[in-house]
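Here is what each chain is made of, one letter per residue.
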Amino acid sequence: MVKAVVLGAAGGIGQPLALLLKANPLVTELGLFDIVNTPGVAADLSHIATPAKVEGYLPADDGLAKALKGADVVVIPAGVPRKPGMTRDDLFKINAGIIKDLATGIAKAAPNAFVLVISNPVNSTVPIVAEVFKKFGTFDPKRLFGVTTLDVVRASTFVSEILGDLSLSKGVVVPVVGGHSGVTIVPLLSQSTHALPSSLDKSAYDALVNRIQFGGDEVVKAKNGAGSATLSMAYAGAEFAAKVIRAVRGEKGLVTPTYVNLSADAEGASDLTKELGEELAYFSANVELGVEGVVKISPLGKISEDEATLVKAAIPELAKNIQTGVTFVAEAY
Ligand code: NAD
Ligand code: LMR
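Residues numbered from 1 in each chain as written. Chains lettered and ligands numbered in written order. Predicted model: local features only at pLDDT ≥ 70, side-chain atom pairs only at ≥ 80, totals over all residues.

Chemist: Run through the site of ligand 2, naming residues and quoting values.
Modeler: Near ligand 2 you find Pro81, Arg82, Arg88, Asn120, Leu150, Gly216, Val219, Val220, Ser228 and Ala229, and these make up its full shell. Examining the composition of the shell around ligand 2, we find that three residues originate from one element, helix H8 (residues 215-223), more than from any other. Looking at the shell around ligand 2, its residues break down into five nonpolar, three polar and two charged. Counting contributing residues, the shell around ligand 2 receives three or more from each of domain 1 (3-146) and domain 2 (148-325). (Near = placed C-beta within 6 Å. Helix = DSSP H or I, 4+ residues; strand = E, 2+ residues; numbered from the N terminus. Nonpolar A, V, L, I, M, F, W, Y, C, P; charged D, E, K, R; others polar. Domains from an automatic or database assignment.)

Chemist: Please provide a residue-by-residue account of the UniProt feature "domain: Lactate/malate dehydrogenase N-terminal" (unreviewed entry) in the chain, values included.
Modeler: The feature "domain: Lactate/malate dehydrogenase N-terminal" (unreviewed entry), as annotated in UniProt, sits at residues 3-146 in this numbering. In this annotation, residues 3-146 is assigned 39% helix and 18% strand; the end-to-end C-alpha distance for the span is 19 Å. (UniProt positions renumbered as here; feature names shortened; annotations may be inferred.)

Chemist: How would you summarise the UniProt feature "binding site: substrate" (unreviewed entry) in the chain if you had to cite specific residues and measurements?
Modeler: Sequence positions flagged by UniProt for "binding site: substrate" (unreviewed entry) are, in local numbering, Arg82, Arg88, Asn120 and Arg154. Positionally, Arg88 belongs in the loop between strand S4 (73-76) and helix H4 (92-109). Residue class for Arg88 comes out buried when judged on the 26 C-beta atoms lying within 10 Å of it. Every residue in contact with Arg88, bar those within four places of it in the chain, is listed here: Arg82, Asn120, Pro121 and Ser181. Sequence-distant contacts of Arg154, that is, excluding residues within four places in its chain, are made with Ile212 and Gly215. (Buried ≥ 20, exposed ≤ 12 C-beta atoms within 10 Å, placed from the backbone. Contact = placed C-beta atoms within 7 Å.)

Chemist: Help me get a handle on the nonpolar core, residues and values and all.
Modeler: Counting 104 residues, the largest nonpolar core has Leu32, Val73, Val74, Leu116 and Val129 as the members making the most contacts within it. For this core, the element with the most residues is helix H9 (residues 231-248), which contributes nine residues. A domain split of this core shows at least three residues from each of domain 1 (3-146) and domain 2 (148-325). (Core = buried A, V, L, I, M, F, W, Y, C linked by C-beta atoms within 7 Å.)

Chemist: Account for the environment of Gly31, with residues named and values stated.
Modeler: With respect to the helices and strands, the residue Gly31 is situated in strand S2 (residues 29-33). Using a count of 29 C-beta atoms within 10 Å as the deciding quantity, one classes Gly31 as buried. Spatially, the C-alpha atom of Gly31 lies 38 Å from that of Gln191, the residues being 160 residues apart in sequence. Aside from chain neighbours lying at most four places away, what touches Gly31 is Lys3, Val5, Glu55, Tyr57, Ala67, Leu68 and Ala71.

Chemist: I'd like a description of the confidence of the model for the chain, backed by residues and values.
Modeler: Chain-level statistics for the chain give a pLDDT mean of 96 and a share of 100% at 70 or above. Here the complex is predicted with pTM 0.98, and the ipTM for its interfaces comes to 0.99. (pLDDT = per-residue confidence, 0-100.)

Chemist: Tell me about the site of ligand 1, and name the residues and values.
Modeler: Taken together, 34 residues form the shell around ligand 1, and within it Gly8, Gly11, Gly12, Ile13 and Asn120 come nearest. A total of four residues in the shell around ligand 1 trace back to one element, the largest contributor, which is H4. Looking at the shell around ligand 1 residue by residue, the classes come out as 19 nonpolar, twelve polar and three charged. In this structure, the shell around ligand 1 is formed jointly by two domains, domain 1 (3-146) and domain 2 (148-325), each of which donates at least three residues.

Chemist: How would you explain the packing of helix H1 (residues 14-22) against H9 if you had to name every residue and give the values?
Modeler: Where H1 meets H9, the axes come as close as 8 Å, and the angle between the chain directions of the two elements is 35°. The chirality of how H1 crosses H9 is right-handed. Along its contact with H1, which presents Pro16, Leu17, Leu20 and Leu21, the element H9 presents Leu231, Ala234, Gly237, Ala238 and Ala241. (Axes fitted to C-alpha atoms, helices over the stretch in contact; angles between N-to-C directions. Left-handed = near helix turned anticlockwise from the far one by under 90°.)

Chemist: Break down the pairing of strand S3 (residues 53-57) for me, with residues and values.
Modeler: Bridge count between S2 and S3: five bridges; the pairing is parallel. By the bridge assignment, Leu32 is partnered in S3 with Gly56. Handedness of the crossover joining S2 and S3 through helix H2 (residues 38-45): right-handed. (Pairing = 2+ DSSP bridges. Right-handed = clockwise from strand over helix to strand, strands pointing away.)

Chemist: Outline the domain arrangement of the chain, listing residues and values.
Modeler: Considered domain by domain, the chain is made up of domain 1 (3-146) and domain 2 (148-325). Here the C-alpha centroids of domain 1 and domain 2 sit 22 Å apart. At the junction of the two partners, domain 1 supplies 39 residues and domain 2 supplies 40 residues. Elements represented by at least two residues in the side of domain 1 that touches domain 2 include exactly H1, S4, strand S5 (114-117), helix H5 (122-136) and strand S6 (144-146). With nine residues, H5 is the single largest residue contributor to the side of domain 1 that touches domain 2. Looking at the side of domain 1 that touches domain 2 residue by residue, the classes come out as 26 nonpolar, six polar and seven charged.

Chemist: Summarise H9; cite the residues concerned and give the values.
Modeler: Because an α-helix packs 3.6 residues into every turn, residues spaced three or four apart end up facing the same way. Over its 18 residues, H9 extends 25 Å from the first C-alpha to the last, a length consistent with the 26 Å expected when each residue adds 1.5 Å. Listing the buried residues of H9 in full gives Met233, Ala234, Ala236, Gly237, Ala238, Phe240, Ala241, Val244, Ile245 and Ala247. Following H9 by one or two positions, Gly250 has its phi on the positive side, about 110°. (Expected span 1.5 Å × (residues − 1).)

Chemist: An account of helix H11 (residues 305-332) is needed here, citing residue identities and associated values.
Modeler: End to end, H11 covers 42 Å across 28 residues, agreeing with the expected 40 Å (1.5 Å per residue, within 8%). In the structure, H11 departs most strongly from a straight axis at Ile315, where the bend amounts to approximately 25° and where the proline Pro316 lies between one and four residues downstream. Listing the buried residues of H11 in full gives Leu310, Val311, Ala314, Leu318, Asn321, Ile322, Gly325, Phe328 and Val329. Close packing links the buried residues of H11 with H4, H5, strand S7 (176-178), strand S8 (185-187), helix H7 (202-213) and strand S10 (282-290). (Bend = angle between axes of the 7 residues up to and from the residue.)

Below, the structure is given as structure tokens:
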């Protein structure tokens, strides 16, 4: 029995994500919360012949608490998306408050749930959730995840394109580490399961790295004011949620990059901190999942000189983003 809940379920990501969770046979209950339209989304999805019982909730009558009751996994795509010319950090002003309120609801109604944060800026919204949970005494770093899977999905796709065979893409695994915005997105292409062609010169390599780092901007530009990635994000979010759900149900050895608090694995984190050369509370790295959440955070391992330069560039930006989230909650109480 697994109850999954989507907060922001009527949105551009929320609806297709809810669809993919409804299609997941391991989900037996699906709670949908948004400030609008969830009864309609829930009625629609409820006709699909899969096990999950679907309920939609609005804020009235304690809807958030009702949606969250008994939740095992909570996925949060609530909040505003970018328009052309904006950075993810420009979303902080609006999304920080939304995330703080939703985290408060989770701390009260589902303190043991696994929480998967999609809302941007992820580098800051994850620390906001953690700080709120600390205020309520419910913070377990093993159960809080920033969803960076879209960067991993993009890396698989773009590398497969370069290899000239898109049918490879699901099997092409590239660890993408750091965070989820611009220079904090660091693809470790030297660790790709499929080596890049030896003919790929430095400028083509740089262009590939840049495309993975700024893939989000490509979609924002193409949507021309109508938002950012929704369908690819729903796919990526459902992939990550499915791994968490499999881990919750006892499957071992599932490893995927995700943005976590490094205290979730004191041993692995200390190795990673050594490699980073600086204390950072959060970082996206390959994480092994288990029934209790984070089992192990992998160190970076052997990386190329180019990758070491990218990691170095990511650290100060990440540190700033993390502090912004922490300060926001400190000032709110
Ligand atoms: P959207 O505007 O289409 O949907 C957002 C939904 O959130 C809306 O339905 C809205 O009503 C709802 N909402 C707003 N305030 C809420 C609240 N207090 N409680 C519950 N629901 C609330 O936006 P979208 O395209 O779905 O994007 C959502 C977020 O996801 C954005 O912040 C976007 O930047 C982010 N995003 C992250 C990634 C990633 O890789 N992590 C990828 C794409 C988008
Ligand atoms: C993405 O990477 O597509 C998302 O973070 C949305 C965005 O603002 O680019």
